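The chain contents come next:
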Amino acid sequence: MNMPVNTYAGGLDSRARAFKTGITGHPHVGGVRKTGRRVLSVRAILGGLLLAATVPGTAAADDNASYRERLPQDEVIYFVLPDRFANGDPANDRGGLSGDRLTTGYDPTDSGFYHGGDLKGLTDKLPYIAGLGATAVWVGPIFKNKPVQGPKGQESAAYHGYWITDFTTVDPHFGTEDDFRRFVDAAHARGIKVYMDIVANHTADVIQYRECGACTYRSIADYPYQRRGGVNGAAINAGFAGDDVQTAANFVTLTRPDYAYTPFVPAAERDVKVPAWLNDPIYYHNRGDSTFAGESSTMGDFVGLDDVMTENPRVVAGMIEIYGSWIDRFGIDGFRIDTARHVNPEFWQAFVPAMLARAQAKGIPHFHIFGEVADPDVAALARHTRVDKLPSVLDFGFQRAVEETVAGNAGTDRFEALFAGDSLYEHGFATAVTLPTFTGNHDHGRLSTAVRKAFPDVSDDEVLKRVELANAMMLALRGVPAIYSGDEQGFVGDGGDRDAREDMFASKVASYNDNRLLGTDTTTATDHYGDTNPLFRQIAALSAVRRAQPALTRGVQKLRAAGDAPGLLAISRFDPETGREILLAFNTSAQPLAANVEVETGSTAFAPLAGAGCAAATTAPGSVRVSLAPFGYAFCAAEVGE
Ligand SMILES: [Ca+2]
Ligand SMILES: [Ca+2]
Ligand SMILES: [Ca+2]
């Protein structure tokens, strides 16, 4: 969604510079000694946890396995906004419309308009996405949108896809349904899954109110359903028991949508929405703009966007039919749900099982559904898995912890608190391990931007190292890494929202092209599909490590070290089949560090999987020496006993 631009957390510590020396301890090479010992102790210690996380037939990283068999946690997700990724067909840049940009929405020089990217371009670039090590593509909404909206003089276009009018087809700016089918089929032929970005909370801004333009929220208490325009108004909707009574019999009595405002559809847009039932204002809340607090959080218009009456069983059935059809027709692999927390829980309680059943019937056993709940508080996130029964949510808590520690001076204990909260999710860790984790996104902005803003005086080398550290966390810790397109090319935007939506193809946006990127001397004025940026190479390498290690996709976690200041974060993860330990160590400080870290007593020798810093052997049973460079990290695999 187009969320308000957030301010970045974090202090202004400018002391840090890249260090090259000062590392103590052993060199980060060396073989693995055979110990001849089994690691049954790990199984014994973790017992039920391991069982809980073990799935029959685990072959997490088997590239020969059918993509349908992989679990959500086996994926590495790559998130693209199709308008900004690749332009495979200049003929559709104006969406089949003619006129100026206020009609076509097309203006490649303006960050708030269409730039020409499409599904053909995305299909053409699948080899690039595969080369990065991504196994699933989360595609920004592709449904047909209202091309341009906004008050006169402040118009912008629906290039982001979140202003839907026709939920049943592809926006002509992005291509055709056949283009989407070709994309899905080509992705599947490479073993890459496709997650669609969907919206049930709202449509485009079509419905207007007679009383005002930007209308403030009118509550149920002040504007009850059974009175026209306030508590002293004429009696209407006799017998309507309110939106909490979500039965067809109750909603039959809701016949007048003018309890708060007087909504109407402009004549020119009377039939613009598809399916047709969406054109009737009775299926919307019509109470004015959300304040994002209290009752308005689910019933208010998201900055004017028509907020759907998702309590009405007719709406529930309609949305199930809309999105079930996309599963039936295209065999896609999952949904990312936009603005999920602005929809009542009962809607999701009905919608989610219907989608999973639809997918199951289509032969998609592990359909992944993750909601956008834009809140870093674990309790708030978890509530939507327990009450709404969303299978998974985007891990805004992880993003905040990364930002506070890597683009700020918070202690690594932020991760201790974060992961302690895993028990709050429905099914606990089994759900936590499926949460898509991310370091930044198209709304909030990129982590690179946050680092630059938090530490404006440090070298680009340090900014790069901090971003690499965050990538290492995302690609090794629990959850499903979700890489935001452009991060791998060193993009550093000016901020959030449209400032974080730079083109991967040669951009004509001046405010993009003056950005100083990481790991390259190029600018966004040229296209960026190469594989040489250090961030691209790091992500590709760490993705390969991750996918080869079930401990890193499916394994439980055990916190080993964290503190209340920048420094060491150490966490072990365990192979769900063998119990083998992988120690993950991160240094969030600008100083080198060395420390003894507890490991399983059966883990006596370690081999580096990525980064550098673990001793080859334990110093004493249950203790290994870890030595990390500033912003360094190490993934170390314990030897498997025999
Ligand atoms: Ca195009
Ligand atoms: Ca809503
Ligand atoms: Ca700029």
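Here is a short report on the structure shown in this document. Note that the structure is a prediction, hence the values are computed from the model and not measured.

Calculation rules
Residues numbered from 1 in each chain as written. Chains lettered and ligands numbered in written order. Predicted model: local features only at pLDDT ≥ 70, side-chain atom pairs only at ≥ 80, totals over all residues. Helix = DSSP H or I, 4+ residues; strand = E, 2+ residues; numbered from the N terminus. Buried ≥ 20, exposed ≤ 12 C-beta atoms within 10 Å, placed from the backbone. Contact = placed C-beta atoms within 7 Å. Expected span 1.5 Å × (residues − 1). Pairing = 2+ DSSP bridges. Axes fitted to C-alpha atoms, helices over the stretch in contact; angles between N-to-C directions. Left-handed = near helix turned anticlockwise from the far one by under 90°. Nonpolar A, V, L, I, M, F, W, Y, C, P; charged D, E, K, R; others polar. Parallel < 35°, antiparallel > 145°, perpendicular 65-115°, else oblique. Core = buried A, V, L, I, M, F, W, Y, C linked by C-beta atoms within 7 Å. Domains from an automatic or database assignment.

### A closer look at the overall build of the protein chain
A count of helical and extended segments in the protein chain gives 19 helices and 21 strands. Taking all 642 residues of the protein chain together, 55% fall into the buried category. Put simply, 73% of the contacts in the protein chain that link residues at least 6 apart link residues at least 24 apart.

### Topic: helix H18 (residues 534-548)
Given a rise of 1.5 Å per residue, 15 residues ought to cover 21 Å, and the 21 Å separating the end C-alpha atoms of H18 matches this to within 8%. Buried residues of H18: Leu535, Phe536, Gln538, Ile539, Leu542, Ser543, Val545, Arg546 and Arg547, and no others. Packed against the buried residues of H18 are helix H16 (460-476), strand S14 (480-484), helix H19 (550-553), strand S19 (606-611) and strand S21 (633-638).

### Topic: the sheet that holds strand S16 (residues 568-574)
The strands that make up a sheet are held in pairs by hydrogen bonds between backbone atoms, and each pair lies either parallel or antiparallel. One open sheet accounts for 5 strands, arranged S15-S16-S17-S21-S19; its pairing is antiparallel. The sheet is open, and its two edges are formed by strand S15 (557-561) and S19, each paired on a single side. When strand polarity is set aside, the average angle formed by the axes of neighbouring strands in this sheet is 25°. Bridging between S16 and strand S17 (residues 581-587) involves 7 bridges; their strand directions are antiparallel. The partner of Ile571 across the bridge, within S17, is Leu584.

### Things to note about the sheet that holds strand S1 (residues 77-80)
Read across the sheet, 8 strands follow the order S12-S11-S10-S7-S2-S1-S14-S13 without closing on themselves; strand pairing throughout is parallel. Edge strands, defined here as strands with exactly one partner in the open sheet, are strand S12 (392-393) and strand S13 (436-437). Pairing of S13 with S14 involves 2 bridges; the strand directions are parallel. If you follow Pro436 over to S14, its bridge partner there is Val480.

### A closer look at helix H9 (residues 313-330)
For H9, spanning 18 residues, the distance from its first C-alpha to its last is 26 Å, which sits close to the expected 26 Å at 1.5 Å a residue. On the buried face of H9, the contacting elements are strand S7 (193-198), strand S10 (334-337) and helix H10 (345-361). In the stretch just after H9, Gly331 is the one whose phi turns positive, near 65°.

### Some words on the packing of helix H12 (residues 396-406) against helix H15 (residues 447-454)
Two elements in contact, H12 and H15, have axes separated by 10 Å at closest approach and are oriented at 35°. Note on packing geometry: the crossing formed by H12 with H15 is right-handed. Contacts from Val402, Glu403 and Val406 of H12 reach H15 at Leu447, Ala450 and Val451. Of the residues assigned to the contact of H12 with H15, the class counts are 5 nonpolar, no polar and 1 charged.

### A closer look at the pairing of S17
Burial runs high along S17: 7 of the 7 residues are buried. Side chains Glu581, Leu583, Ala585 and Asn587 project from S17 onto one buried face, and the interleaved Ile582, Leu584 and Phe586 project onto a second face that is buried too. One ladder, built from 5 bridges, connects S17 with S21; its direction is antiparallel. Considered in S21, the bridge of Phe586 is made with Tyr633.

### So, unusual backbone geometry
At the junction of Val274 and Pro275, the peptide bond is cis and its omega measures out at 0° in the coordinates. Within the fold, Pro275 resides in the loop between strand S9 (263-264) and helix H8 (296-299). Of note in this structure, Phe292 is not a glycine but carries a positive phi near 60°. Relative to the assigned elements, Phe292 resides in the loop between S9 and H8. The class for Phe292 is partly exposed, based on 15 C-beta atoms found within 10 Å. Even without a glycine there, the phi angle at Asp497 is positive, about 55°. Within the secondary structure, Asp497 is located in the loop between S14 and helix H17 (510-513). A residue is classified by how many C-beta atoms lie within 10 Å of it, and Asp497, with 20 of them, is buried.

### Some details on the environment of Thr123
Looking at the secondary structure, you find Thr123 in helix H4 (residues 119-124). Taking the C-alpha atoms as reference points, Thr123 and Asp179, separated by 56 residues in sequence, lie 8.6 Å from one another. Apart from the residues lying within four places of it in its own chain, the contact partners of Thr123 are Gly88, Arg182, Phe183 and Ala186.

### Observations regarding the packing of H16 against H18
Where H16 meets H18, the closest approach of the two axes is 10 Å, and the angle between their N-to-C directions is 20°. On the basis of their axis angle, the class for H16 and H18 is roughly parallel. Considering how the two elements wind past one another, H16 and H18 form a crossing that is right-handed. Residue-level contacts link Leu464, Val467, Glu468, Asn471, Ala472, Leu475 and Ala476 of H16 to Pro534, Leu535, Gln538, Ile539, Leu542, Ser543 and Arg546 of H18. Looking at the contact of H16 with H18 residue by residue, the class counts come to 9 nonpolar, 3 polar and 2 charged.

### Let's talk about the nonpolar core
With 165 residues, the main nonpolar core has Ile77, Val137, Leu583, Leu584, Ala585 and Phe606 as its most contacted residues. Counting contributing residues, this core receives three or more from each of domain 1 (75-201 + 312-546) and domain 2 (203-305). Residues Tyr209, Tyr223, Tyr259 and Tyr261 belong to the second largest nonpolar core, which totals 6 residues.

### Observations regarding the environment of Arg329
Tracing the backbone through its elements, the reader meets Arg329 in helix H9. A residue is classified by how many C-beta atoms lie within 10 Å of it, and Arg329, with 14 of them, is partly exposed. Residues Arg329 and Arg181, spaced 148 residues apart in sequence, show a C-alpha to C-alpha distance of 8.5 Å.

### Section: the environment of Trp326
Position of Trp326 among the secondary structure elements: in helix H9. Assessed through the 22 C-beta atoms surrounding it within 10 Å, Trp326 is described here as buried. Along the primary structure Trp326 and Arg358 are separated by 32 residues, whereas in three dimensions their C-alpha atoms are 10.0 Å apart. In contact with Trp326, other than residues within four places in its own chain, are Met196 and Ile332.

### Comments concerning the pairing of S1
Along any regular strand the residues' side chains alternate between the sheet's two faces. Here S1 shows two buried faces, one formed by Ile77 and Phe79 and the other by Tyr78 and Val80. Note that S1 and S14 share 3 bridges and pair parallel. The partner of Phe79 across the bridge, within S14, is Tyr484.

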